[in-house]
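# Residue-level structure breakdown
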Amino acid sequence: MRRSDKSWLEFDDLTKPFLAPGSDETVTAVAVELRDRMTKVEQQVLAQYTATAAYATLSQQGVEQARAEARADLDRAQSTVFGLLDTLRSEVNARLTALENRPDSRAASLTGDVSGKVAAMEERMRAMIGALEGCVRENMLLRQQVDELMRRQMEHDGWLVSSGSASELSLQ
């Protein structure tokens, strides 16, 4: 660290005595006053240090608590999404199984006829298309529900501002 020219004492200042020659004060009185002042300064510095250390400790505890809460929120959101996906998967599997096991009356009556087999296949295709369309509708509804849930959670946690939505967020 470099000192400026103003902080250096002039030679005349070094030759001046600390106490004025005709002063009534004694060296002991001045020393006692200086010691008292230094004690006060030391106490103030220690108090500042203690306060800073306390604030740092409180801040660290706050950070750790925020991390724990964020982790718990993430775990809850993940379990909710996984539960919804498992429910959707089981419902789709149940519907597809029901479609595969459904007896087809046309196929039974026209088993020897090729056109009957084609008609039965077209019937099954229509049923599968209908099931897939229903699955897509339910998937879209589920997506809207998850988006709404995420938006509410993010608003509650203070992630969103009034000018944006959850779908507009991105990592840069």
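Residues numbered from 1 in each chain as written. Predicted model: local features only at pLDDT ≥ 70, side-chain atom pairs only at ≥ 80, totals over all residues. Heavy atoms only, no water.

### With respect to the overall build of the protein chain
This is how it is decided: Helix and strand assignments follow DSSP, with helices taken as H or I runs no shorter than four residues and strands as E runs no shorter than two, numbered in order from the N terminus. With a 1.4 Å probe rolled over the protein chains alone, any residue whose accessible area is under 20% of its type maximum counts as buried; one over 50% counts as exposed, and the rest are partly exposed. The contact definition used throughout considers only heavy atoms, calling two residues in contact when any of these lie within 4.5 Å. In short, Shrake-Rupley with a 1.4 Å probe defines the accessible areas, and a residue's cover is counted only from the protein chains shown.
A count of helices and strands for the protein chain gives 4 helices and 0 strands. Beginning at the N terminus, the succession of helices and strands in the protein chain can be written as α-α-α-α. Per-residue burial over the protein chain gives 7% buried out of 172 residues. In the protein chain, once contacts between residues fewer than 6 apart in sequence are set aside, the share between residues at least 24 apart is 46%. Total accessible area on the protein chain is roughly 15100 Å²; 58% of this is exposed by carbon and sulfur atoms.

### Topic: helix H4 (residues 114-157)
What counts here: One less than the number of residues in a helix, times 1.5 Å, gives the span that helix is expected to have.
Relative to the 64 Å expected for 44 residues at 1.5 Å per residue, H4 spans 63 Å between its end C-alpha atoms, a close match to the ideal helical length. Buried residues of H4: Gly116, Ala119, Ala120, Ala127, Gly134, Cys135, Leu142, Val146 and Met154, and no others. Just beyond H4, the residue with positive phi is Gly158, at close to 85°.

### What to know about a nonpolar patch on the surface
This is how the line gets drawn: Patch rule: a residue counts if its relative accessible area is over 30% and it has no salt bridge; like charges are joined within 9 Å, and nonpolar side chains (Val, Leu, Ile, Met, Phe, Trp, Tyr) within 5 Å. For this analysis, a salt bridge means a side-chain nitrogen from Lys or Arg found within 4 Å of a carboxyl oxygen belonging to Asp or Glu.
Taken together, the side chains of Met121, Met125 and Met128 make up a nonpolar region of the molecular surface, amounting to roughly 320 Å² of accessible area. Structurally, Met121 can be placed in helix H4.

### So, the packing of helix H2 (residues 27-101) against H4
The following threshold applies: For helices, the fitted line uses only the C-alpha atoms of the stretch in contact; every axis is such a line through C-alpha atoms, and the angle between N-to-C directions lies from 0 to 180 degrees. An angle below 35 degrees is read as roughly parallel, one above 145 as roughly antiparallel, one from 65 to 115 as roughly perpendicular, and any other as oblique. Residues are grouped as follows: nonpolar covers Ala, Val, Leu, Ile, Met, Phe, Trp, Tyr, Cys and Pro; charged covers Asp, Glu, Lys and Arg; every other residue, Gly included, is treated as polar.
Viewed as axis vectors pointing N to C, H2 and H4 meet at an angle of 170°, and their least axial separation amounts to 11 Å. As summarised for this structure, H2 and H4 are arranged roughly antiparallel, according to the angle between their axes. For the pair H2 and H4, contact is made by Asp73, Thr80, Val81, Leu84, Leu88, Glu91, Val92, Arg95, Leu99 and Glu100 and by Arg124, Ala127, Met128, Ala131, Cys135, Glu138, Asn139, Leu142, Val146, Leu149, Gln153 and Asp157, respectively. Of the residues in the contact of H2 with H4, the class split is 12 nonpolar, 3 polar and 7 charged.

### Focus on the pattern of salt bridges
Using the criterion set out here, one finds 9 salt bridges in the structure. Among the ionic pairs, Glu138 bridges to Arg95, the shortest N-O distance being 2.8 Å. With Glu138 in helix H4 and Arg95 in helix H2, the pair connects residues that are 43 residues apart, well separated along the chain. Under the relative-accessibility criterion, Glu138 is labelled partly exposed at 25%. Glu123 is the partner of Arg126 in a salt bridge, and the nearest nitrogen-oxygen pair spans 3.2 Å. Of this pair, Arg126 and Glu123 both sit in helix H4, 3 residues apart, which is roughly one turn of that helix. Relative accessible area serves as the criterion here: at 49%, Arg126 is assigned to the partly exposed category. The network of salt bridges with shared partners includes Glu122, Glu123 and Arg126.

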